[in-house]
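Topology and contacts: notes
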Amino acid sequence: MTNDIGRHPLMTPEDREAPQRVQRLRELGIGESPDPEFDEFAKKLAQVTGAPYAMVNFISEERQYFAGLHTPSSEQAGADPQDGAAGEPGRVMDRDHGYCPHVVVRRKALVLDDVCDYPRFAGNPVVDEIGIRSYLGAPLIDHTGATLGTICVVDTEPRPWGRPGLETIKALAQELVERINQRDRRRQ
């Protein structure tokens, strides 16, 4: 895949489901603003995995929105990670940054113990801008079959997530999907 000039590969895969996903997120009323339940879930992700950063991420055609976000600075009393501290992710990220867009398109979990071991991922802007070195993420696929976004944890150090990390992130993704499905049933 190449950009419109046709010479340089795009950092993220083509996402043909984005328009349908955006519509589904609107129906659910999620993915456009911070959500305390998702912030708590991100905190739980960080605690369970021991990772310093955790996100509940919803992806549109142009951007990623972390409706749930846990960062080291959010541990400070009353801190809001809305804008992100220096060197930390804020609530909004370009679609071509990070690894969650790959998870959404693949519809499968992604484990990167050290992103620098993978040429396709080592050049991602989050490596230089935020210092991300390891990633663990899983898709959020609701009862309609829509891939709404992801949950993920990242670290600034390489981490051997391995099979236990993969199983953990997949189980936590399923837990959050069930909560989203329950919201949807209450809404209807």
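See the structure above.
Summarised in this report is the structure supplied together with it.

What counts and how
Residues numbered from 1 in each chain as written. Predicted model: local features only at pLDDT ≥ 70, side-chain atom pairs only at ≥ 80, totals over all residues. Heavy atoms only, no water. Buried < 20%, exposed > 50% of the residue type's maximum accessible area, 1.4 Å probe, protein only. Helix = DSSP H or I, 4+ residues; strand = E, 2+ residues; numbered from the N terminus. Pairing = 2+ DSSP bridges. Axes fitted to C-alpha atoms, helices over the stretch in contact; angles between N-to-C directions. Contact = heavy atoms within 4.5 Å. Salt bridge = Lys/Arg side-chain N within 4 Å of Asp/Glu carboxyl O. Core = buried A, V, L, I, M, F, W, Y, C linked by side-chain atoms within 4.5 Å.

With that settled, the discussion passes to the pairing of strand β5 (residues 134-141). With seven of eight residues buried, β5 lies mostly within the body of the structure. Bridge count between strand β4 (residues 110-112) and β5: three bridges; the pairing is antiparallel. Residue Leu 110 lies in a different strand from β5, and its bridge partner there is Gly 137. Two elements, β5 and strand β6 (residues 147-155), share eight bridges in a ladder whose sense is antiparallel. Its bridge partner lying in β6, Ser 134 is registered against Asp 155. Remark: five residues form the turn of the hairpin made by β5 and β6, two consecutive strands paired antiparallel; Gly 145 in that turn has positive phi of roughly 90°.

Next up on the list: the sheet that holds β4. Pairing within the open sheet is antiparallel, and its six strands lie in the order β3-β2-β1-β6-β5-β4. One side of each edge strand has no neighbouring strand; the edge strands of this open sheet are β3 (92-94) and β4. Across the sheet, the axes of successive neighbouring strands diverge by a mean angle of 25°, strand direction being ignored. Sheet analysis places strand β1 (residues 53-59) next to strand β2 (residues 63-70), joined by six bridges and oriented antiparallel. Bridging across to β2, Ala 54 finds its partner in His 70. Its contacts with the sheet place helix α2 (residues 36-49) against β1, β2 and β6, and it is angled at close to 70° to β2. Sheet contacts for helix α6 (residues 162-187): β1, β4, β5 and β6; angle to β5, the most-contacted strand, approximately 35°.

This next bit is on the pattern of salt bridges. Considering all chains together, one arrives at 19 salt bridges under this definition. Ionic pairing is found between Glu 27 and Arg 24, a salt bridge with its closest N-O pair at 3.0 Å. Residue Glu 27 and its partner Arg 24 are both found in helix α1 (residues 18-28); the two are separated by three residues, about one turn of the helix. Of the residues examined, Glu 27 reaches a relative accessible area of 37% and is grouped as partly exposed. As a salt-bridge pair, Arg 24 and Asp 184 come within 2.7 Å of each other at their nearest N and O atoms.

The subject of this paragraph is the nonpolar core. Membership of the largest hydrophobic core comes to 30 residues, with the highest contact counts inside it found for Phe 58 and Ile 151. Counting residues per element, the ones that place at least two in this core are α1, α2, β1, β2, β5, β6 and α6. Residue contributions to this core peak at seven residues, all from α6. Discounting residues that sit within four places of it in the chain, Phe 58 has contacts with Leu 25, Ile 30, Gly 31, Phe 38, Arg 63, Gln 64, Tyr 65, Ala 67, Leu 140, Leu 148, Gly 149 and Ile 180.

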